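# Analysis of the macromolecular model
The residues making up each chain are set out below.
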Amino acid sequence: MIEILSPSEVARARDTGALVGEILQALRRRATVGTNLLQIDRWAQAMILDAGAQSCYVDYAPSFGRGPFGHYVCTAVNDAVLHGLPHDYALRDGDLLTLDLAVSLRGIAADSAISFVVGGSPAAADVALIEATERALAAGVAAARPGARIGDLSHAIGTVLTGAGYPVNTEFGGHGIGSTMHQDPHVANTGRPGRGYPLRPGLLLALEPWVMADTDRIVTDADGWTLRSATGCRTAHSEHTIAITDDGAEILTLPR
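Residues numbered from 1 in each chain as written. Predicted model: local features only at pLDDT ≥ 70, side-chain atom pairs only at ≥ 80, totals over all residues. Heavy atoms only, no water.

Along the backbone of the protein there are four helices and 14 strands. The C-alpha atoms of the protein give 17 Å as radius of gyration, which agrees with the globular expectation for 256 residues (18 Å, within 12%). In terms of overall dimensions, the protein has C-alpha extents of about 45 × 40 × 35 Å along its principal axes. Considering the protein as a whole, with its 256 residues, one finds that 54% of them fall into the buried category. Within the protein, counting contacts between residues at least 6 apart in sequence, those at least 24 apart form 70% of the total. Total accessible area on the protein stands at roughly 10,200 Å², and carbon and sulfur atoms take up 51% of it. A gap of 3 Å separates the mean positions of the 19 positive and 28 negative side-chain charges of the protein. (Helix = DSSP H or I, 4+ residues; strand = E, 2+ residues; numbered from the N terminus. Rg over C-alpha atoms; globule rule 2.2 N^0.38 Å. Buried < 20%, exposed > 50% of the residue type's maximum accessible area, 1.4 Å probe, protein only. Contact = heavy atoms within 4.5 Å. Areas by Shrake-Rupley, 256 points an atom, 1.4 Å probe, with all protein chains shown as cover. Lys, Arg positive; Asp, Glu negative; His and termini not counted. Charge placed at Lys NZ, Arg CZ, Asp CG, Glu CD.)

Turning our attention to the UniProt feature "binding site: a divalent metal cation 1" (unreviewed entry) in the protein. Using the residue numbers shown here, the UniProt feature "binding site: a divalent metal cation 1" (unreviewed entry) corresponds to Asp100, Asp111 and Glu239. Spanning 140 residues, the annotated positions come together in the fold, the maximum distance between their C-alpha atoms being 8.1 Å. Checked against the lining of the largest pocket, the annotated residues reduce to Asp100 and Asp111. Residue position: aspartate 100 is located in strand E4 (residues 96–105). Residue classification places aspartate 100 among the buried residues on the basis of a relative accessible area of 7%. Setting aside its immediate chain neighbours within four residues, aspartate 100 contacts Tyr57, Val73, Cys74, Asp111, Ser112, Ala113, Glu208, His237 and Glu239. (UniProt positions renumbered as here; feature names shortened; annotations may be inferred. 1 Å grid on protein atoms, 1.4 Å probe; cavity = no way out; pocket = protein on both sides within 12 Å on 5 of 7 lines; lining within 4 Å.)

Another point: the UniProt feature "domain: Peptidase M24" (unreviewed entry) in the protein. In the numbering used here, UniProt assigns the "domain: Peptidase M24" (unreviewed entry) feature to residues 13–246. Between the C-alpha atoms that bound residues 13–246 there is a distance of 16 Å. The span itself is 28% helix and 25% strand.

As summarised here, the arrangement of the three strands in space is E3-E11-E10, forming an open sheet in which the pairing is antiparallel. Looking at which strands have only one partner, the edges of the open sheet turn out to be strand E3 (80–82) and strand E10 (218–220). Each adjacent strand pair in this sheet contributes to an overall mean axis angle of 45 degrees, direction not counted. Here E10 runs beside strand E11 (residues 227–229); their pairing, made up of three bridges, is antiparallel. Within the sheet, the bridge partner assigned to isoleucine 218 lies in E11 and is serine 229. (Pairing = 2+ DSSP bridges. Axes fitted to C-alpha atoms, helices over the stretch in contact; angles between N-to-C directions.)

On to the packing of helix H1 (residues 7–30) against helix H2 (residues 37–50). Packing of H1 against H2 leaves a shortest axis separation of 10 Å and a crossing angle of 145 degrees. Handedness of the crossing formed by H1 with H2: right-handed. Across the interface between the two elements, Ile23, Ala26, Leu27 and Arg30 from H1 touch Ile40, Trp43, Ala44, Met47 and Ile48 from H2. (Left-handed = near helix turned anticlockwise from the far one by under 90°.)

Now for H1. A rise of 1.5 Å per residue sets the reference length of H1, with its 24 residues, at 34 Å; its end C-alpha atoms lie 35 Å apart and thus fit the reference within 8%. The complete set of buried residues in H1 reads Val10, Ala13, Thr16, Gly17, Ala18, Leu19, Val20, Gly21, Ile23, Leu24, Ala26 and Leu27. (Expected span 1.5 Å × (residues − 1).)

On to the sheet that holds strand E14 (residues 248–251), then. Strand order in this open sheet of five strands is E7-E6-E8-E13-E14, and the pairing throughout is antiparallel. The open sheet terminates on both sides in strands that have one partner only, identified here as strand E7 (183–187) and E14. Going from strand to strand, the sheet's axes swing by 30 degrees on average, the running direction of each strand aside. Relative to E7, strand E6 (residues 174–176) is paired through three bridges, and the arrangement is antiparallel. By the bridge assignment, glycine 176 is partnered in E7 with glutamine 183. Helix-sheet contacts for helix H4 (residues 150–163) involve E7 and strand E8 (204–207), and the interaxial angle to E7 is about 40 degrees.

Let us look at the side chain of threonine 253. Tracing the chain through its elements places threonine 253 in the segment after E14. Here threonine 253 falls in the buried class, since its relative accessible area comes to 2%. Here histidine 240 takes part through its side chain, which lies 2.7 Å from a polar atom of the side chain of threonine 253. A polar contact is formed between the side chain of threonine 253 and the backbone nitrogen of threonine 241, at a distance of 3.0 Å. (Polar contact = N/O pair within 3.5 Å; in protein donor to acceptor, adjacent residues only side chain to side chain.)

In structure tokens form, the structure reads like this:
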């Protein structure tokens, strides 16, 4: 399903997006050396419920996961890149942590992810990995405007990632979003310009470039959810929900 939101629904999406951005930044500030991933999940739960919002993850049970996810935020560490299931692990200095959060507020969902290094003196390779996903995300947003096609966004994202020297996996990528978290169209992280669904005002998309340092192959962890790099290399993931407007793209998942 491809959903086009009304102006009033887009206004509600702004509130949801701001909430997601604010929670992610609060979790980033709290996630220090020694913080347990399960504690991060409890913080996310409290902030979501305090805002009167609903988690998009707790009851989420897609075909690629093992039963309901059962947690409020994805916590992917080092070689984990997507769908990181929170577990009993205390963060260490130098860990590369990705937090991925999706919530629904007043019937509209928003989805965002950030990657950062815990503690001081991050490795240059980790910084480069994270910055490549951030630049690719910015390129995808810049390409999003009425009349452009999904392939234009994919091409813009992929050009940055491959230009930085990283392989690109196309099994998972960005997606439409609105009254539910995952909708069509799929937005691959590489592609050919001029192809795919034409963008229209009122379309919401979650753009999410993610990379692994030296491979494009993923493996599923024993928990049935966490996706890791097949080689054990480090990973990074950046994501924003955007709204297509008459003037271009509006990033919704920034803190106010």
